[in-house]
Amino acid sequence: MISLSPVLVATKFNPPAADARQVPRDGLVEEIVQNRARLVLVRAPAGFGKTTLMAQARQRLEAADVATAWLTLDSADNDPSRFLAYLGRAVHELAPHDAIAGPGTADGAPLGEVALALMERISAIPFPFAFFIDEFEVIRAPGVTALMAQLLDRLPAGSRLIIGARNVPDLRLARLRASGHLLEIDVHKLRFSLDETRRFFGARGAEGLGNDDVGVLHSKTEGWVAALWLASLALERHRHPREFISAFSGTEESLAEYLAEEVLAQQPPEVRRLLLSTSILREFSAPLCAVLIPGTETEATLRKLASSNAFLMPIEGRPGHWRYHSLFSSFLRAQLQREMPAAVADLHLAAARWFLQDNRPVPAVDHFIAAGAVGEAVQVLQQQAIPLLMQGRLRLLTRWFDALPQASLKEQPLLQVAYSWSTCFTRGPQAGLALMHTAGIEQSADPELKVHVAALQASMLALLDRWEEAHAIGSRSLHLLPSPSAFANAALVNVTANGAVMLGLFPEARQLLQRARQSQGEAASAFHRMYSETIEGMIDMLEGRLRQARARFRLAVQTTQGSSLDAAQGNAWAGLLYAASVYEGDDLQLAKRLLQVYLPLARDVWLSDHVVLGYRMLSRIAFVEGEIDHAFQGLSELEYLGHERKLPRLAAAARLERARMLLMQGHVDASAEELRTAGTPEMWRGVGVRHHLGHDWEDLEIGQLRWQVLAGDPRAAAMALETLAAQADRNGRIRRGLKLRLLHAMALARSGDQEEAHTVLMRVLLPAAAEGAMRLLLDEGEVAARLVARAQARLDPVEAGPIFAEYLQRLRSAFGALAVEEPVTAPAVTLPPMMEALTPKEIRLLQLLAEGYSNRALTEKLFVSDSTVRTHLRNINGKLGANNRTQAVAMARRLGLVR
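Cut-offs and rules
- Residues numbered from 1 in each chain as written.
- Predicted model: local features only at pLDDT ≥ 70, side-chain atom pairs only at ≥ 80, totals over all residues.
- Heavy atoms only, no water.
- pLDDT = per-residue confidence, 0-100.
- Contact = heavy atoms within 4.5 Å.
- Helix = DSSP H or I, 4+ residues; strand = E, 2+ residues; numbered from the N terminus.
- Buried < 20%, exposed > 50% of the residue type's maximum accessible area, 1.4 Å probe, protein only.
- Pairing = 2+ DSSP bridges.
- Axes fitted to C-alpha atoms, helices over the stretch in contact; angles between N-to-C directions.
- Salt bridge = Lys/Arg side-chain N within 4 Å of Asp/Glu carboxyl O.
- Parallel < 35°, antiparallel > 145°, perpendicular 65-115°, else oblique.
- Left-handed = near helix turned anticlockwise from the far one by under 90°.
- Nonpolar A, V, L, I, M, F, W, Y, C, P; charged D, E, K, R; others polar.

Glancing now at the confidence of the model for the protein. This prediction gives the protein a mean pLDDT of 82; 84% of its residues lie at or above 70. Ignoring residues within four places in sequence, the model shows residues 98-106, a span with pLDDT below 50, making 17 contacts including any to other chains. Within the model, the stretch residues 562-570 combines pLDDT values under 50 with 27 contacts to residues more than four positions away or in other chains.

Here it is, written out as structure tokens:
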């Protein structure tokens with residue numbers, strides 16, 4: 001995890017310092033304090049007093065002995081590692097680690113496990129608390145949004161999350177709203193009432209304003225707090241208040257005019273110059289101001305302004321540091337551009353050089369670019385581009401390169417390479433290839449650049465699923481190694497090794513990985529370890545060594561923690577595969593939380609197989625939890641992503657999984673239609689000759705055979721499955737062979753050959769038990785469950801041994817009520833007539849139960865309360881003579897009430 005900057009800590013964990021003249025928002029504060037909603041959303045544009053209201057609510061809660069924590073976000077918090085670091089610090093302030101009976105994590109733990117441990121710590125806090133998170137609108141990264149959703153889910157009883165934002169966060173608000181767990185405070189509530197406006201001007205010391213004057217101002221501003229505040233500043237310096245009020249419109253467009261005429265114009269020249277000159281800065285101190293305005297007493301001027309409390313907002317916990325209100329800052333920048341356009345570039349240049357001397361290259365480059373100092377910006381980028389690339393600062397690099405004149409990069413091929421890398425992972429491989437071609441760097445004779453170009457070409461082709469071309473380029477470029485760039489060397493070797501795995505060339509892949517391990521340099525070593533362990537883990541998983549694969553994936557993720565690869569390669573590349581190995585072991589809650597962290601990262605950097613695996617696992621977890629609509633929604637997102645990125649395999653994977661879920665629900669025809677439209681034969685032939693982790697044991701061939709087993713001709717399916725399983729074993733695709741053999745056992749059972757089904761099943765259970773593979777069987781549903789139940793009934797514990805017996809017991813327990821010992825081909829039974837007919841609503845509820853909906857999902861689907869659902873279930877059980885929902889569904893199917 002990242003280290004916490006002492007410079008930022010004060011601003012992150014405390015609201016801005018309070019103004020003694022602020023108007024208490026007692027009504028809204030009381031609403032927040034008294035409401036027991038889990039989420040309070042304070043949402044409005046800038047200038048409506050969101051932060052002030054939240055700070056006042058925090059003070060009230062603390063006065064009532066309610067523990068609180070505060071976190072102010074900024075754009076850099078879109079990095080999940082950084083967000084978790086600050087979130088963890090805030091949680092520690094709320095409740096020190098030794099006061100919580102929850103798990104911790106060792107240094108170097110994978111990001112997903114850090115997130116999981118932190119959420120467990122939050123849920124274990126033994127007292128109610130309020131967590132304030134301000135400026136949430138800056139969050140754009142889906143991974144951070146997912147972490148926030150986890151935080152909301154894990155809040156202990158009686159605790160609440162208070163979020164300030166300018167937009168609507170993607171936190172599934174509809175569910176919270178429907179369940180009464182959401183309190184929304186929007187712009188209408190935040191507007192000052194007439195009485196609050198009177199008290200505001202009274203607190204501001206606006207003597208001489210009558211009630212009518214205040215009423216006019218309130219009417220013109222419609223209670224917009226920022227407009228009232230800025231008007232009050234102008235009134236302090238206006239000799240004729242009524243004339244000002246008469247002319248004041250209160251609109252955003254008019255504020256700049258009146259600020260210019262009534263506020264800024266009244267300042268002494270030295271103050272005016274300081275205000276305009278420092279408007280280019282997000283925050284500032286006297287030393288920085290002295291550089292921008294040499295020869296002036298900036299420290300004395302700042303203290304004078306701070307004491308008047310009119311313009312500057314002190315940064316609490318950092319004496320001598322200030323910032324402007326966002327609206328006032330925007331006005332000042334616009335005014336600077338109008339009044340001193342020639343000085344703008346010089347101010348940015350001075351700031352850039354100060355930041356560079358202070359060893360802060362990121363703001364330095366920002367200001368160099370704003371100053372138009374292209375040469376100096378390029379000079380810094382020559383030193384910083386590749387390190388920033390390895391840190392995963394891809395969007396930052398792309399933004400900088402976009403802002404620079406392209407002519408300035410023409411003679412900087414290394415920067416063009418970095419631009420191509422960052423473009424590939426922010427706008428897609430097609431855009432990266434086009435940029436590289438336009439730049440003309442493909443023809444460079446420079447040894448370092450040739451390796452970069454080969455690695456770029458191979459990587460981008462791989463992201464486009466053109467693995468044969470990617471491997472060919474990588475293989476014929478290996479003779480160029482080593483080059484002076486450890487990053488380029490690692491990228492080329494590893495993408496070539498990955499291509500070898502994809503094409504089934506495992507010995508070649510291992511030789512390349514051994515070559516990678518011999519690279520020099522600390523950053524390169526971390527890169528090689530992560531990549532090599534992950535690729536070795538992929539081979540292990542394909543060959544059925546689940547335990548070894550899980551160990552490798554976890555080690556790979558640990559390798560990237562705290563290194564320069566933390567947010568770039570390791571989290572996305574290794575983390576999602578680690579989640580897949582955890583899922584296979586049936587730890588669904590851990591897998592879910594890992595996926596919520598890693599899937600957005602994999603999606604952002606175009607890792608297709610990772611994305612297919614991630615969406616498939618999240619949909620299956622949602623299905624198991626009875627969140628059926630969410631399961632299908634995730635597949636719709638995957639399908640859309642495939643169309644958007646012109647990757648038909650992603651869209652086909654979504655349809656394939658949708659077909660499986662529909663089949664599990666008994667919708668045979670709908671499942672068949674999804675299979676019919678799940679990709680073209682040509683596409684699947686290409687997939688079949690590769691070793692895609694996303695499809696090695698879940699492709700169209702397996703989907704069609706599963707349908708035949710459960711809804712078509714199981715005898716014909718059994719013959720095909722026996723042949724395919726043997727073929728998979730011969731090709732070293734052990735994991736695929738196990739899946740095919742399980743389907744073969746199911747087909748035999750459905751055909752009535754129970755003895756042969758048991759024999760084939762044991763060939764699956766024994767290796768699965770050795771590796772702790774659970775979802776391999778659990779994902780196949782009722783037929784597999786009954787086969788496992790019959791296998792356990794026939795088990796001789798002494799002959800089988802305690803390990804296998806314990807595995808079989810865990811497997812049967814995980815199947816739950818599905819694992820009954822009755823034969824798969826149970827004869828029809830005559831059910832007694834129902835004592836009372838089911839109502840249409842009860843039949844509809846039974847249909848949803850048969851499709852797998854949980855009680856919570858039923859409340860949303862039917863728009864009823866949880867108690868109403870439970871009442872219906874009791875009535876249904878009574879009418880059918882059932883003891884539980886599983887029996888009720890089984891009886892309803894036999895009666896023909898549901899499919």
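A few words now on unusual backbone geometry. Residue leucine 481 is joined to proline 482 through a cis peptide bond whose omega torsion reads -5 degrees. For proline 482, the position within the fold is in the loop between helix H26 (467-477) and helix H27 (486-502). The phi dihedral of aspartate 465 is positive, around 70 degrees, even though this residue is not glycine. Considering the arrangement of structural elements, one finds aspartate 465 in the loop between helix H25 (447-463) and H26. The residue lysine 646 is not glycine, and still its phi comes out positive at about 60 degrees. As for its position among the elements, lysine 646 is in the loop between helix H35 (628-644) and helix H36 (648-665). Here lysine 646 falls in the exposed class, since its relative accessible area comes to 66%.

One open sheet accounts for five strands, arranged E2-E3-E4-E1-E5; its pairing is parallel. Lying at the two open borders of the sheet, with one neighbouring strand each, are strand E2 (67-72) and strand E5 (182-185). Going across the sheet, the axis of each strand differs from the next one's by a mean of 15 degrees, ignoring polarity. Direction of pairing for strand E3 (residues 129-134) relative to strand E4 (residues 160-165): parallel, over a ladder of four bridges.

Opposite charge on two side chains lets them pair, provided their charged atoms get close. Throughout the structure, instances matching the rule amount to 50 salt bridges. For the salt bridge of glutamate 31 with lysine 189, the shortest nitrogen-to-oxygen distance reads 2.9 Å. You can see glutamate 31 sitting in helix H2 (residues 26-34) and its partner lysine 189 sitting in helix H8 (residues 187-190), a full 158 residues away along the chain. A relative accessible area of 27% means that glutamate 31 is categorised as partly exposed. Look at lysine 189 and you get partly exposed, because its relative accessible area is 33%. Among the ionic pairs, aspartate 195 bridges to arginine 199, the shortest N-O distance being 3.3 Å. In this pair, aspartate 195 and arginine 199 both sit in helix H9 (residues 194-203), four residues apart, roughly one turn of the helix. Connected via shared salt-bridge partners are Asp586, Arg620, Glu657, Arg660, Glu698, Arg706, Lys739, Arg775, Asp779 and Glu780.

Where helix H20 (residues 374-390) meets helix H23 (residues 413-427), the closest approach of the two axes is 10 Å, and the angle between their N-to-C directions is 40 degrees. In terms of axis orientation, H20 runs oblique to H23. With respect to the hand of their crossing, H20 and H23 are arranged in left-handed fashion. Facing Val378, Leu381, Gln382, Ala385, Ile386 and Leu389 of H20, the residues of H23 in contact are Leu415, Ala418, Trp421 and Ser422. The residue inventory of the contact of H20 with H23, partitioned by class, reads eight nonpolar, two polar and no charged.

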